[in-house]
Amino acid sequence: MSEDAPHRPRDARGTRTRILHAAGAVFAERGYEAATVRDIAGRAGVNQALIFRYFGSKRALLTEVMAEGGKEQLISTPADRLFETALRGVLAEGGKPDADRLLAVYLRSIGSADAAPDTVRALGEEYAAALAGLSRADDSELRAQLAMAWLLGIGLMRVVVGQEPLASAEPDEICGHVLAALEGLLHDENVPRGRAGDQRPEGRR
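Predicted model, so just to flag it, every value in this text is computed and none were measured.

(A) Structural context of the packing of aromatic side chains. A complete count under the given rule lists 2 aromatic pairs for this structure. Aromatic side chains Tyr54 and Phe55 sit 6.4 Å apart centroid to centroid with 65 degrees between the ring planes, which places their arrangement in the edge-to-face category. Taking NZ or CZ as reference, Lys58 lies 4.5 Å from the ring centre of Tyr32, over its face.

(B) Quick look at the packing of helix H5 (residues 79-92) against helix H9 (residues 171-187). Orientation of H5 relative to H9, taken along the N-to-C sense of each, is 150 degrees, at an axis distance of 11 Å. Considering the angle they form, H5 stands roughly antiparallel to H9. Handedness of the crossing formed by H5 with H9: right-handed. Mapping the contact onto sequence places Phe83, Glu84, Leu87, Arg88 and Leu91 in H5 and Pro171, Asp172, Ile174, Cys175, Val178, Leu179 and Leu182 in H9. The residue inventory of the contact of H5 with H9, partitioned by class, reads 9 nonpolar, no polar and 3 charged.

(C) Here's a closer look at helix H4 (residues 58-76). The terminal C-alpha atoms of H4 lie 27 Å apart, and with 19 residues this matches the ideal 27 Å at 1.5 Å per residue to within 8%. Residues of H4 that are buried: Lys58, Leu61, Leu62, Glu64, Val65, Met66, Gly69, Gly70 and Gln73.

(D) Layout of the packing of helix H8 (residues 140-161) against H9. Two numbers describe how H8 lies on H9: the axes approach to 10 Å, and their chain directions differ by 160 degrees. Taken together, the axes of H8 and H9 are roughly antiparallel relative to one another. The handedness of the crossing between H8 and H9 is right-handed. Touching Arg143, Ala144, Leu146, Ala147, Trp150, Ile154 and Arg158 of H8 are Pro171, Ile174, Val178, Ala181, Leu182, Gly184, Leu185 and Leu186, all from H9. Of the residues in the contact of H8 with H9, the class split is 12 nonpolar, 1 polar and 2 charged.

(E) Examining the nonpolar core more closely. Formed by 45 residues in total, the largest nonpolar core has its most connected members in Ile19, Phe27, Ile40, Ile51, Leu61, Phe83 and Leu87. Going through the elements one at a time, helix H1 (12-34), helix H2 (37-44), helix H3 (48-55), H4, H5, helix H7 (117-132), H8 and H9 are the ones with two or more residues in this core. Element by element, the count of residues in this core is highest for H1, at 8 residues.

Thresholds, definitions, all that
Residues numbered from 1 in each chain as written. Predicted model: local features only at pLDDT ≥ 70, side-chain atom pairs only at ≥ 80, totals over all residues. Heavy atoms only, no water. Phe/Tyr/Trp six-rings, centres within 6.5 Å; stacked < 30°, edge-to-face > 60°. Lys NZ or Arg CZ within 6 Å of the ring centre and 35° of its normal. Axes fitted to C-alpha atoms, helices over the stretch in contact; angles between N-to-C directions. Helix = DSSP H or I, 4+ residues; strand = E, 2+ residues; numbered from the N terminus. Parallel < 35°, antiparallel > 145°, perpendicular 65-115°, else oblique. Left-handed = near helix turned anticlockwise from the far one by under 90°. Contact = heavy atoms within 4.5 Å. Nonpolar A, V, L, I, M, F, W, Y, C, P; charged D, E, K, R; others polar. Expected span 1.5 Å × (residues − 1). Buried < 20%, exposed > 50% of the residue type's maximum accessible area, 1.4 Å probe, protein only. Core = buried A, V, L, I, M, F, W, Y, C linked by side-chain atoms within 4.5 Å.

Written out as structure tokens, the structure reads:
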């Protein structure tokens, strides 16, 4: 008997959550364009028509995955652990809750013209704002955005490109290097803000 049979009681919230979890996994593994509604329906154990009934389109489903996953991670993670949580999520890439796969979903989907750039942009701004709040530097917003760009770059090279030795490096080793540098970026208020050329040794001017 199909799940959307009219005389069968439905747990709409549970079904919706199951679809979101399945979609997050499929988008993280295959990217937006390669993922199909049939794939997602099969992973969730529902009829394809139910996905369209609940979400309307694959694009809307991606938007919801990003919004729900990002909201969960932002609410449940202290600001000083947010960067590391997102970084470890993409380094693990798989076997984690959907909130931890959020960056992988983004990296495998953002290149598509039909993806959800507005939602992704807004989510990125919320993450950057949380990181900026950790810094007392005058240019804290810039530093936070640089940190986010670094995070996405690491994910791109490891998850999408598969560049070695980054692709096979141990997560703890990567986190050790990155978090040490992040500490300096966010918390060193004495970093000169002039152009790089203005910081050269006297003998090279």
